[in-house]
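# Observations on the model geometry
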Amino acid sequence: MEKMDWNNLLNEKRRRDSERNTEQNEFEKDELPSDHRNEFERDYDRIMSSSSLRRLQDKAQVFPLQTSDFIRTRLTHSMEVSAIARSFGVWLDDWLLEIEEIEEKDLGKIPSILATAGLVHDIGNPPYGHYGEDVIKKWFKKYFEDEEKKLDLDENQKNDFIHFDGNAQGLRILTQLQVLNDKYGINFTYATLSVLLKYPFDSSNKYSKEKKKFGYFQHDKNIGLDIINQTTKMQGKRNPLTYFLEAADDIAYLGADIEDGVKKKLIPWESVFNKLISSEQEDDKTIDLYKDINEKNLYKTVYTAYKMDIDKLHQKHNQAKKDGFPDYLLTSVQNFKAWAQGQMIKEVKNVFIKDYNVIIQGNFNIKDPNAEDSNIEYLDKDFISETENAKNLDVLLRSLLKDYVFCSREVLSLELVGDSVLSDLLNMFIKECITEIDCNFETDSRSKAGKLFKMISENFVFIHLMNDKFPKKKTKKKLNDLSLYEKLLLITDFISGMTDSYALDLHQKLKGVKMP
């Protein structure tokens, strides 16, 4: 049966050939040491000093617009994902070498790929977290309904915006928007880009239409297909390393968001431990601890699976309390987080070993390999959901976030702020600016549309007007040469690239609440 080849999955080529080899040969002639890094370590170093990565320090993980240094931002979350993903890669190196799927010369490549992918996996997220994605989707859905007869867009182009996805936007940033020298963006290796294709299809795909998720815009379809053809060589099938990236993301955010929730005194951590320890008791005294029998059964399932470990954690919890730790609840949840993450990592490895053959064949998510649409990967399965016990621990932690954090007054009020900010910015820059057909944007600074256009990042405008043969041919297009679809992409590139604070500040200035 057809399967993916690790030589292709570790493809070191880039969309634009690097000049490194030529330069290195010149160094060797002069007996100077060559670059000691592998190509994927170079990917990591390229993005580390980029403005797109730095912006993540002012984008929300869960709590937007924070003044506390303790609470995680999208950048600190990404650093934690990178560390866990790299750890997976170190283990995977050894395991694949042992079963002779890779050679010794390949050692170090997978950890580097996963570390880089973990660092940039959220680089396309708009301001105000995943709620920002929802705001953009909702705004475009209403816009297209209101302006249906006036817009020169096909259904797939509309779906790019109605189902706006940070993963697809991230690919745009890495392959085009984070400009170094030309239209190729940061020019990552094919292998690294492949791991980031969580949804390896565009918005016209059947799965995309059902689940409202896709991996690349219609505009970037050739790039997406190029990445697939250079790596997995299977349409609609994930790179095996993408599952490890997804697991690292879930493991990192579940533990970290719980810790932040306890720090903010939203999650009653003492009560959580009491529920775990009391879940095996069948007397009426404990039943009132739980909101219903399903919650009790969930706690009991987790406690039964990890009884010895949880008892030890509870002892540490009580000891920290007894010893007078000033913030013993935070100490307790940090111990629990470290244990839970370690347990999930261990069980995820077991899933990969058990299901390796179907994973490398691209069939991990196929419901029925013999079905007519078996080329479509449904992507409903992930490594954690296939574990023996960690899947229940995952459900428990998600329930704590849902019950205590995501519904908290602080989170909801800040999301409402984000809703107003993003909706108003989209109204101004699309309805009152970019769709004005009579405006000469390059020279007009008198009309409102012209004034608003001057507020758009010059970098984004330059990239969108860049000639395909740049820098050899430097003539640029004019804004009105762009199609409506391309103009809408310019605005979503601009707004989704904003930090939480910048979006709020620009909104206040344009609304007259704050002076420029």
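That block above? That's the structure.
Residues numbered from 1 in each chain as written. Predicted model: local features only at pLDDT ≥ 70, side-chain atom pairs only at ≥ 80, totals over all residues. Heavy atoms only, no water.

## Brief notes about the overall build of the chain
Applicable threshold: A run of H or I in DSSP counts as a helix once it spans at least four residues, and a run of E counts as a strand once it spans at least two, with each numbered from the N terminus. Atoms considered for the radius of gyration are the C-alpha atoms alone. The globule rule reads 2.2 Å times the number of residues to the power 0.38. A simple rule labels every residue: compare its accessible area, found with a 1.4 Å probe on the protein chains alone, to the largest value its type can have, and call it buried under 20%, exposed over 50%, or partly exposed in between. Accessible surface is estimated by sampling points in the Shrake-Rupley manner with a 1.4 Å probe; for residues, cover comes only from the protein chains shown. The charge count treats Lys and Arg as positive and Asp and Glu as negative. His and the chain ends do not count. By convention, the point assigned to a charge is CZ for Arg, NZ for Lys, CD for Glu and CG for Asp.
If you tally the helices and strands in the chain, you get 25 helices and 0 strands. At 25 Å, the chain has a C-alpha radius of gyration in line with the 24 Å of a compact globule built from 516 residues. C-alpha extents for the chain along the principal axes are approximately 75 × 60 × 55 Å. Taken across its 516 residues, the chain has 53% of its residues classed as buried. For the chain, the accessible surface area stands at approximately 24200 Å², while carbon and sulfur atoms represent 48% of it. Charge centroids of the chain, computed over 76 positive and 89 negative side chains, lie 4 Å from each other.

## Some remarks on the pattern of salt bridges
Applicable threshold: The rule for a salt bridge is simple: a side-chain nitrogen of Lys or Arg has to be within 4 Å of a carboxyl oxygen of Asp or Glu.
Using the criterion set out here, one finds 33 salt bridges in the structure. Taking the shortest distance from any N to any O, the salt bridge between Asp220 and Arg172 comes out at 3.0 Å. Residue Asp220 is found in the loop between α11 (206-211) and α12 (221-230), and its partner Arg172 is found in helix α9 (residues 166-177); the two are separated by 48 residues along the sequence. Each of Arg72, Glu80, Glu259, Asp260 and Lys337 takes part in one network of salt bridges that share partners.

## Let's talk about the packing of aromatic side chains
For clarity, the threshold we go by: Pairing of aromatic rings covers Phe, Tyr and the six-membered ring of Trp, with a centre-to-centre limit of 6.5 Å; geometry is then stacked below 30 degrees between planes, edge-to-face above 60, and tilted otherwise.
Enumeration over the complete set of coordinates arrives at 33 aromatic pairs. Taken together, a centroid distance of 5.2 Å and an interplanar angle of 75 degrees make the contact between Trp95 and Tyr356 edge-to-face. Of the two residues, Trp95 sits in helix α5 (residues 74-98) while Tyr356 sits in helix α19 (residues 356-360), which places them 261 residues apart along the sequence. Look at Trp95 and you get buried, because its relative accessible area is 15%. Between Tyr243 and Phe364 the ring centres are 5.1 Å apart and the planes differ by 75 degrees, which places this aromatic pair in the edge-to-face class. In this pair, Tyr243 sits in helix α13 (residues 240-263) while Phe364 sits in the loop between α19 and α20 (390-405), placing the two residues 121 residues apart along the sequence. This pair shows no difference in class: Tyr243 is buried, exactly as Phe364 is. Among the aromatic residues, ring-to-ring pairing joins Phe88, Trp91, Trp95, Tyr243, Phe244, Phe352, Tyr356, Phe364 and Phe383 into one connected group.

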